[in-house]
Each structure stands twice: as structure tokens, then as C-alpha cells.
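The primary structure of each chain is shown beneath.
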Amino acid sequence: MLHGEAVKLGKDESAEIKSRIGLILFAVYAAIYAGFVFINTLSPKTMGTRIFMGLNLAIVYGFGLIILAIIMGILYNHYCTNLENKMNKPQGDAALESDTEEKA
Amino acid sequence: MIYSVSPWAIILFVIFVLFVLGISFYFGNKTKSAAGYFAAGGTIHWGVNGIAFAGDYLSAASFLGICGMIAFSGYDGFLYSIGYLAGWVVALFVVAEPMKRLGKYTFTDALDAKFNSKGIQLMAAISTLIVSICYLIPQMVGAGALVKPLLGMPHWVGVIMVGCIVTFIVATAGMTSTTYVQFIKGGLLIIFSTVLTIYLINNGLSIKPSDDYHEFKTISVVISGDSVASIESTDYTLADQQVVKDIHLVKLEKSGVNTWWKLSEKDGKIVLEEALSKTVTKDGTELYNGEPKEAKKFYQVGHIGKLINKDGQEVDKISGLGPFSYLSTLEDSTIVRFAEQKFTDGDDSVTVWYQNPTSGKEIMRPGLKFKVDKGATPWSKWNFISLMLALFFGTAALPHILIRYYTVPSQRDARKSTIVAIAAIGFFYILTLYMGSGAMTHGVLDLESSNMSAPLLAKYFGIGLFSIISAIAFATVLGTVSGLIVASSGAVAHDLMDRYLDLKLTDKGKVRAGKIAAVVVGGIAIMLGILFKGMNVSFLVGWAFAVAASANLPAILMLLFWKKTTAKGITYSILIGIVSALTIILLSPDMYVRYGLDPATAPIPLGNPGIISIPLSFLTLIVVSLMSQKDNATKKA
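Residues numbered from 1 in each chain as written. Chains lettered and ligands numbered in written order. Predicted model: local features only at pLDDT ≥ 70, side-chain atom pairs only at ≥ 80, totals over all residues.

## A few points about the overall build of chain A
Consideration 1: Helix and strand counts for chain A stand at 3 helices and 2 strands.
Consideration 2: In sequence order, chain A lays out its α and β elements as α-β-β-α-α.
Consideration 3: Considering chain A as a whole, with its 104 residues, one finds that 25% of them fall into the buried category. (Helix = DSSP H or I, 4+ residues; strand = E, 2+ residues; numbered from the N terminus. Buried ≥ 20, exposed ≤ 12 C-beta atoms within 10 Å, placed from the backbone.)

## Section: the overall build of chain B
Consideration 1: Helix and strand counts for chain B come out as 23 helices and 14 strands.
Consideration 2: Computed over C-alpha atoms, the radius of gyration of chain B comes to 26 Å, within 12% of the 26 Å expected from 2.2 N^0.38 for 637 residues, which places it in the range of a compact globule.
Consideration 3: Here chain B, with 637 residues, has 60% of them falling under the buried criterion.
Consideration 4: The long-range fraction of contacts in chain B, counting pairs at least 24 apart against all pairs at least 6 apart in sequence, stands at 76%. (Rg over C-alpha atoms; globule rule 2.2 N^0.38 Å. Contact = placed C-beta atoms within 7 Å.)

## Side note on unusual backbone geometry
Consideration 1: Residue A:M53 is not a glycine yet carries a positive backbone phi of 50°.
Consideration 2: Even without a glycine there, the phi angle at B:S255 is positive, about 50°.
Consideration 3: Along the chain, B:S255 turns up in the loop between β5 (247–254) and β6 (257–266).
Consideration 4: Residue classification places B:S255 among the exposed positions, given that 7 C-beta atoms sit within 10 Å.

## A closer look at the pairing of strand β2 (residues 218–224) of chain B
Residues and elements named next belong to chain B.
Consideration 1: Relative to strand β7 (residues 269–274), β2 is paired through 3 bridges, and the arrangement is antiparallel. The residue bridging T218 from the neighbouring strand is E273, located in β7.
Consideration 2: Of the strand pairs in this sheet, β2 and strand β3 (residues 227–231) are connected by 4 bridges, and their pairing is antiparallel. Paired with I223 across the two strands is V228, which belongs to β3.
Consideration 3: Hairpin connection between β2 and β3: a loop of 2 residues separates the two successive antiparallel strands, and G225 in this loop has a positive phi of roughly 65°. (Pairing = 2+ DSSP bridges.)

## Side note on the pairing of β7(B)
Residues and elements named next belong to chain B.
Consideration 1: Taken together, the 6 bridges between β6 and β7 define a ladder with antiparallel strand orientation. The residue of β7 that forms the bridge with K266 is K269.
Consideration 2: Linkage of β6 to β7, two consecutive antiparallel strands, is achieved through a turn of 2 residues, within which D267 is found at a positive phi near 50°.

## Some details on the environment of B:F461
All names here are of chain B.
Consideration 1: Along the chain, F461 falls in the loop between α15 (453–460) and α16 (463–500).
Consideration 2: We classify F461 as partly exposed; it has 19 C-beta atoms within 10 Å.
Consideration 3: Linking F461 and V195, residues 266 residues apart in sequence, is a C-alpha distance of 11 Å.
Consideration 4: Once residues within four sequence positions are removed from consideration, F461 is found in contact with L196 and Y199.

## Digging into the interface of chain A and chain B
Consideration 1: Each side of the interface is counted separately: chain A has 42 residues, and chain B has 53 residues.
Consideration 2: Element by element, the count of residues in the side of chain A that touches chain B is highest for helix α2 (residues 57–88) of chain A, at 15 residues.
Consideration 3: Of the residues belonging to the side of chain A that touches chain B, the class tally is 25 nonpolar, 12 polar and 5 charged. (Nonpolar A, V, L, I, M, F, W, Y, C, P; charged D, E, K, R; others polar.)

## Some thoughts on the sheet that holds strand β10 (residues 303–308) of chain B
Residues and elements named next belong to chain B.
Consideration 1: Taken in spatial order, the 6 strands line up as β9-β8-β14-β13-β10-β11 in an open sheet, and their pairing is antiparallel. Taken across any chain shown, the strands that pair with only one partner, and hence form the sheet edges, are β9 (286–288) and β11 (314–315).
Consideration 2: Sheet topology note: the strand β13 (residues 334–345)/strand β14 (residues 348–359) ladder contains 12 bridges and is antiparallel. Looking at β14, one finds that V336 is bridged to P357.

## Here we look at the environment of B:A513
Residue and element names in this part refer to chain B.
Consideration 1: Tracing the backbone shows A513 in helix α17 (residues 507–531).
Consideration 2: Linking A513 and V492, residues 21 residues apart in sequence, is a C-alpha distance of 7.8 Å.
Consideration 3: When neighbours within four sequence positions are excluded, A513 is seen to be in contact with V492, A493, M497 and L505.

## Overview of the sheet that holds β6(B)
Residues and elements named next belong to chain B.
Consideration 1: Strand order in the open sheet formed by 6 strands is β3-β2-β7-β6-β5-β4, and the pairing between neighbours is antiparallel. Two strands lie at the open edges of the sheet, namely β3 and β4 (237–244), each paired on one side alone. On average, adjacent strands in this sheet sit at an angle of 40° to one another, irrespective of strand direction. (Axes fitted to C-alpha atoms, helices over the stretch in contact; angles between N-to-C directions.)

## Observations concerning helix α18 (residues 537–551) of chain B
Consideration 1: The end-to-end C-alpha distance of α18(B), which contains 15 residues, comes to 21 Å, matching closely the 21 Å that a straight helix rising 1.5 Å per residue would cover.
Consideration 2: Across the 15 residues that make up α18(B), a large majority, 15, are buried. (Expected span 1.5 Å × (residues − 1).)

## Brief notes about the domain arrangement of chain B
How big an interface is tends to be stated in terms of accessible area lost as the parts join.
Residue and element names in this part refer to chain B.
Consideration 1: Looking at chain B, the domain boundaries give domain 1 (7–202 + 401–529) and domain 2 (206–363).
Consideration 2: For domain 1 and domain 2, the distance between their C-alpha centroids amounts to 38 Å.
Consideration 3: Counting residues at the interface gives 15 residues for domain 1, matched by 17 residues for domain 2.
Consideration 4: The element contributing the most residues to the side of domain 1 that touches domain 2 is helix α14 (residues 411–441), with 4 residues. (Domains from an automatic or database assignment.)

## Things to note about the confidence of the model for chain A
Consideration 1: Per-residue confidence for chain A averages 76 on the pLDDT scale, and 73% of its residues sit at or above 70.
Consideration 2: Confidence over residues 1–8 of chain A falls short of pLDDT 50; this stretch has 17 contacts with residues more than four positions distant or in other chains. (pLDDT = per-residue confidence, 0-100.)

## Considerations on the nonpolar core
Consideration 1: Counting 226 residues, the largest nonpolar core has A:A69, B:F393, B:I425, B:A439, B:F474 and B:V547 as the members making the most contacts within it.
Consideration 2: If you tally residues by element for this core, the top one is α16(B), at 21 residues.
Consideration 3: Filtering out sequence-adjacent residues up to four positions away, B:V547 remains in contact with B:I130, B:V131, B:C134, B:I578, B:A581 and B:L582. (Core = buried A, V, L, I, M, F, W, Y, C linked by C-beta atoms within 7 Å.)

## A short note on the environment of B:A60
Residue and element names in this part refer to chain B.
Consideration 1: Among the secondary structure elements, A60 is positioned in helix α4 (residues 60–73).
Consideration 2: On the basis of neighbour count, A60 is assigned to the buried category, with 29 C-beta atoms found within 10 Å.
Consideration 3: Separated by 80 residues in sequence, A60 and M140 have C-alpha atoms that sit 8.6 Å apart.
Consideration 4: Among residues more than four places away in sequence, those in contact with A60 are G65, P138, Q139, G142, T476, V477, T480 and V537.

## Some details on the packing of α2(A) against helix α5 (residues 75–102) of chain B
Angle between the axes and distance between the axes are the two parameters that describe a pair of packed helices.
Consideration 1: Following both chains from N to C, one finds α2(A) and α5(B) inclined at 15°, their axes separated by 10 Å at the closest point. Comparing their axes, α5(B) and α2(A) come out roughly parallel. Where α2(A) crosses over α5(B), the two elements pack in a sense that is left-handed. From α2(A), A:A58, A:G62, A:L65, A:I66, A:A69, A:G73 and A:Y76 reach across to α5(B), where they touch B:Y75, B:F78, B:I82, B:L85, B:A86, B:W88, B:V89, B:L92 and B:F93. (Parallel < 35°, antiparallel > 145°, perpendicular 65-115°, else oblique. Left-handed = near helix turned anticlockwise from the far one by under 90°.)

## Observations concerning α4(B)
Residue and element names in this part refer to chain B.
Consideration 1: With 14 residues, α4 ought to run about 20 Å at 1.5 Å a step, and its terminal C-alpha atoms sit 18 Å apart, in line with that.
Consideration 2: Burial within α4 is extensive, with 14 of its 14 residues counted as buried.
Consideration 3: Of the residues one or two after α4, G74 is the one with positive phi, at around 65°.

## Quick word on the packing of α18(B) against helix α22 (residues 610–627) of chain B
All names here are of chain B.
Consideration 1: The contact between α18 and α22 brings their axes to 8 Å, and the two run at 20°. As summarised for this structure, α18 and α22 are arranged roughly parallel, according to the angle between their axes. In terms of crossing hand, the pair formed by α18 and α22 is right-handed. Here A546, A549, S550 and A551 of α18 come into contact with α22, specifically with G610, S613, I614 and S617.

## Details of the confidence of the model for chain B
Residues and elements named next belong to chain B.
Consideration 1: Counting all residues, the mean pLDDT for chain B is 82, and 92% of those residues have values of 70 or more.
Consideration 2: Looking over chain B, one finds the lowest element-wise mean pLDDT in helix α2 (residues 34–39), namely 55, and the highest in α22, namely 92.
Consideration 3: Both confidence scores are given for the complex: pTM 0.85, ipTM 0.84.

Okay, structure coming up:
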């Protein structure tokens, strides 16, 4: 009990590919975030340019980063859930249980 | 400023606290095992956990600190919102699932899953403790700031009260109750912030925020040479004048009361503009605008100087605004902010806040707080990059966020709850820009405490909303502090005592040790909360993020993605991360102000250590791992 997990997890065949998708999405977001930080640092006046519905680039880019994180999160979950269903299905629940028993 | 205490606020506050304590007792009776205490038995539903994540994360820093910073410095405060939210992307895409796969109760378990190394156990536990304490300070400062207007008590009473209630909650119940408290609080915070924002936008914008808003006077003067020779007023007499950092300040006297004014040019004429001031005399007496606090002469401020409608005309009021046109109208207008100037006047130390009309264009883009535009230096630009880096990488390394991955049953649930958290937190952060800019223009600011801006804005719309918002804000502090204390007590009982020292504690013994640790950490947090009074809480949280990002994130990322990582590499990278981040913070200009020294003499002109300490910690991990490859080879053999 003392060194056991709070919960027991089954083996996840899709772990590797999920982690690759995660890294790609992370890299895309990090690049867009870096762009935001660099414009703020190197050309803060550019951030004052009006670009959408009377709002300036600073607000649109800022709101955009927040909304993008939500959209990318939902897409990532969609991909991952599909992958888990597809890749872990053939083994079925019995395989997961036996894996858990082995660990225990 | 002086606040009038509202009975409604007190009643609601007491109901909230009793409710929170009730939940704690209820779950406390159910929690007997270590898994239950530290990880809620891994049984929490992902939706509940997601909102609880939001509850954990939307701490005093987010609600009080960010809104306050936006209210005082415009868009620069909103940069914190963006950075805090962006950090979740790292948590979701990179850390969430592997952490869930590797971990048991704590972040240390996850780091140590592969190695079983004493060094990692010790350093990770210490890092958890230090980051938690860094994060606890701003929560406590926030608590102190809140009780003043809410219950009319001094700062230190608030800090002690929160410390005691939370320590009691944690020491009785652990993670299950903490989770439900966070869930309720996170949900309520988002709902009522939305209500406040809707009120705000519906209310429109006006150059006179309210009927009882103080009307700032101007007096014409006659100038002779560089000084004011006489004033055109029969009420006031000229008492003194001095120039402080190019600001010409004039003291006027009326019926034995001294007030400070600023020499300005208005419509082509030289005039004196009324300012606000706080004077501390030699014997410690505090005077607000020349009178004792009780005279209520230290007005709440913040108004629009020139309100411009979409046709470019100057108007007194605009209503019928939408969420976008609200912000674009502010961009077109001029807002009167208040700039602070400290100086000595004979034996008195004086702080003057003078009117500083600022164009909306400047307010709605970066540059008022972070020196990236006017008056920028290479250091100030690096400082800004450093902060944004720490915010981005800090979230995924915060121990009280990481432990929440262990409260759900599966990796899929960990992922889903993170997405719920991102959506809830992201939505809330968008609201911060409205609440902050609303506080800036609605005559509600307390110039002595930026942290109170959002609750005071709620007060503008009625005492009921103020009471609810304040009670939620207080619960916010309670909830976040409980999460942090659970994380710290886990670090002590599970990582240090059970694993590092191999004390072979029984399940019961471990829970007891955790509870004792909770009490001790609570005590430390109370002390530090009193010491750091008056600093913006979001700014303080920036430091906690920097320490977390420097100490923990390189270890987490490299363990997951670099096969050559060794136990020694992880141990040293955490050590160097903590030491370098803390050293830079302790030698920063902001800490020099705390020490009572001239900030210009600080050896490191960086306000945030991330840009140095994060790469340094990565570098240490790589170099030490490469030097200790033998360890991994032995382990494999």
C-alpha cells in the first residue's frame, strides 16, 4: 500500500504516438507564443495597430493565444481518445486486468 | 484608505467559511488511508477535477493580483493572464499523461519512478517545499489585503486567520475535501466574475464614474523663475514646494490642513492639480490628504479624462457597448491614472499620487509596467522575456498542480480534466482584462492596494455583489493555500520521511506526519504573509513560477524525453535551479526595496530569474548526466 499508486493503470499501447502528437502541438503553440513575446519586446508599438473590430494586435493576439489553447486542447483530446480506442481495443479489458494483476 | 464594514459581507463570509469547514469534516471522517489523504483515492471525476484545477490555479494572484495590475498598469497586467494560461499547454501536451503514468502520490514519485535515488527524493521534496512556500506568500498577502475591507481588520489578522482555518482544513481532511472546496470555489469564481463583467459592459463608460466621485480641483498660479510665486485662490495658502524627479509638487494649506498639488499644464495654462497624499510624521502619525484616516479624505480614484465615441467625438457617457466596442472605446479615450512619488518633507515622509492622464492606446498595449517601450534598456527587455518564459514553463512544474493528476482514475481523465481546466481558466483570464480596465475607469481604486481592485469594482455595483465576490476571493485564498499545504505535507511525510529517510511509517503514521507537516508549513506561511504585506500578489506569484520552472521543469522534461538522463543529473539540476533562482530573486531590485536599500544598487538588475536559472538548470542536467553515464549502465546491467 505504502508504495503503491493511488490508482492502478493498464498498459497503454498508444502512449508513444500520443506523446509525439503532444510534442508537435506543443512546438506549434510555443512558436506562436514566442512570436507574441518577441513582438512585445522588439516592437511594442506594432501591438497598438488596430486589426479587428477596432481592437489592436495586443488584445487580438492575447485573446487568440487563450482561445487557441482551448481549441488545440480539444483537438488533442479527440485524437488521443480515438487512438486509445483503436490501439487498446484488440487486447480488451481482460488484458488490462491481467497487466494490473502482474504489477500487483 | 478606510473601508466601511458591511454586515452582509461578514454574514456571507462566515457562511462560506462554515460551509468549507463542513465539507472538510465530512470528507475528513471518510479519509483514513494515505492514498485518500494525499490523492483523494484517485476517484475524482475528471469534470470535477478540471474545475478544481481551475480553483487551484485561479488563486489570489489571478483574481486579485492580475485585475489589480491591469487596473494600475493596463495591458501589462493582462500579460500575466496570457502567460499563466499558455503554461497549461505545456502541462497538457507534454506533462499530464506521463506524470499520471509515472506517479503515485507526489511529483517526487514521478521523477524517481525510474531511479529510486535518495538524491532525487531529497531534492524533489525540498523543491516542492520551497515552491509551495513561494506560492503561499502571495496567497497570504492576498488574504491580508481582503480582510481589511471585508471585516475591517488589520492585514496580520487576515493572514493568521487564513493560516489557521486552512491548516485546520488540511490537517483534518486532505485531498478529497481540498478538491471539493476547489471545485465549488473555482465554479463560483468564474460565474460571479462573468456576472461582474456583464454588469460592467452594460453599465457603459462615463467621465464621471459615480455621483459621489471626488471632483479634482485645479488652481491657477503665477510662476516666477522655476517656482510658484503665488496662487489664484483665497481658500488656500502656499506652504511649500519641491521638485522630485522632475515633478514639481506644491504643498497648500487650508484651515490647518496640508494637501499636495502638482504643477501641470492644462489647456495651455499653468495650473496646480489636486493630488492625493499620505504623510507619515516623525512620531508615526499617518495623515491621508492631511487628515487622519477616519476623515475619509483618501478618495477612491480612477476615471476617464476624455471619452471618445466611435465617431471620434468627445462625449460624457457611452452606453450600449458590446464586449469588443467596450475595449476599443477605452483605446480611443484618455484615462486618468495616478502616478506615485515618494519623498521627504522636513521630518515627514510623504507619498503623493498625482493625476497622470494616459492615452488608451498606451494602456491597451504593453509598456506601462514592463519597460519594453519608453525608457527601455536591454536589461528591462530581458526581464520581460524572463518573466514570460517563467510563466510559460512554470505551470507544468507547480507541485500543487502536479498532484492533481493523481486524483483521477486514468490518463484519459487526467487529460480531460486538464482541458476542462484550460477552458475554464482561459475564459476567466479573458474576463480579467474587463474587470481590471473596469476598475481603472470606475473610480474604485485604492491607491495603497492594487490587490483590492476587483472586489472594489464589485462594490461599485452593490454591496451584495461585493460581499459575494469578497467571500469567493477569500475562499480562493483558502482553497489554494490548502492545495499547497497538502502538496508540502506530502513532500515531508511521503517523500522525505517515508522514502528518503526510510522510516517505514505505517499508513496511519504517514497521514499523521503529513498533518503535522501541514501545521508547520502553515505557520511559516503565516509569518511570510505578514512580512510581504503590500506587494502585488501576481508579481510575487511570478517568482514562485520562476522557481518551479527552474527547479522542476528541466528534470520533468529531460526524464521524459532524453534517454541519457541520470539520477545525479536530475538531483543537481533541481539543486542548481532552486539555488540560482532564489539567489537572483534575493539580489533583485525588488528585494532591495524590501531590505530598505536603493534598488539601483542591486547587483542583478533582473526582476525575474527565469532567463538565467531555467537554461542553467537544463545545462546542469545535461552536463552531470553525461558525466554520470556509468550509473545508468550499472543499473541496466
